[in-house]
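# Commentary on secondary and tertiary structure
Each chain, written out:
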Amino acid sequence: MLRSFDFIGNIRSVCLKNIPLLAKLSLSHREYYVAAGKCNIAKFFESFSALEHLHLNDVSFAAGAGEVPTRLSYDLYCVKHLCISNIYLSDLNEVSCALFLIKSFPNLQSVEIKVECDDNDIPALESLEVEHFSDVTFNHLKEVKLIQTNGTIPEMQLMLAKSPALMRMLIEPCLVEDSATVKILAKLTKFQRASPKAEVEYKLDKDPNLGPV
């Protein structure tokens, strides 16, 4: 029985059924694989009952499926580890899709989000307020990694305020100026944290010894 599946190509052409033991799934969408039709992301996840590790490289395949729902009509309690790569924080559909997935996996223990490295404009995130997610709590989330983020605040604030079990948030930003780094660190120290044990580590290549906040 299939336990692990790693796919690169046009995700709209993937149909997985009768996969009761599938625990690891990696999907890498490639825009140069062109096909008609749209991906119904809610229907796509219906067959998963044992999935624990999910890696999505480029969520544009789901974000382009029309209006993104706020969450699945069902919860996938089996998913514990989620990695989303190459997301554009300037694209409201992609941001909404990522949040939609996170909200649909209530037993998540770790989340890693890697931002597209040339994405420096973030109007989509500016409208994200913690209050908009009053119905969401990440009760089991212990570790969050934000890779190549350009120092934006909303996604950090959301995770800190809604994760009572959080132990560690690692932030590896794109290269930012020293003055910007100081401002970001100052804001991070003032954030409300649902977990008193949560540590925020802001890791810069040019200063690898910078410790927890």
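Look up a bit, the structure's there.
Residues numbered from 1 in each chain as written. Predicted model: local features only at pLDDT ≥ 70, side-chain atom pairs only at ≥ 80, totals over all residues. Heavy atoms only, no water.

### What to know about the side chain of serine 163
- Here serine 163 is to be found in the loop between helix H5 (154-161) and strand E7 (168-173).
- Judged by relative accessible area, serine 163 falls into the buried class, the value being 1%.
- Once residues within four sequence positions are removed from consideration, serine 163 is found in contact with Phe138, Leu141, Ala194 and Ser195. (Helix = DSSP H or I, 4+ residues; strand = E, 2+ residues; numbered from the N terminus. Buried < 20%, exposed > 50% of the residue type's maximum accessible area, 1.4 Å probe, protein only. Contact = heavy atoms within 4.5 Å.)

### Concerning the sheet that holds strand E1 (residues 4-9)
- Across the sheet, eight strands lie side by side as E1-E2-E3-E4-E5-E6-E7-E8; this open sheet has parallel pairing. Among the strands making up the open sheet, the edge pair consists of E1 and strand E8 (199-202). With strand direction ignored, the average angle separating the axes of adjacent strands in the sheet is 5°.
- Running at roughly 175° to strand E4 (residues 81-87), helix H3 (residues 92-104) makes contact with strand E3 (53-57), E4 and strand E5 (110-115) of the sheet. (Pairing = 2+ DSSP bridges. Axes fitted to C-alpha atoms, helices over the stretch in contact; angles between N-to-C directions.)

### Things to note about H3
- Its 13 residues place the ends of H3 18 Å apart at the C-alpha level, agreeing with the 18 Å of an ideal helix rising 1.5 Å per residue.
- Within H3, ten of the 13 residues are buried, which leaves the element mostly enclosed by the surrounding structure.
- For H3, the full list of buried residues reads Glu94, Val95, Cys97, Ala98, Leu99, Phe100, Leu101, Ile102, Lys103 and Ser104. (Expected span 1.5 Å × (residues − 1).)

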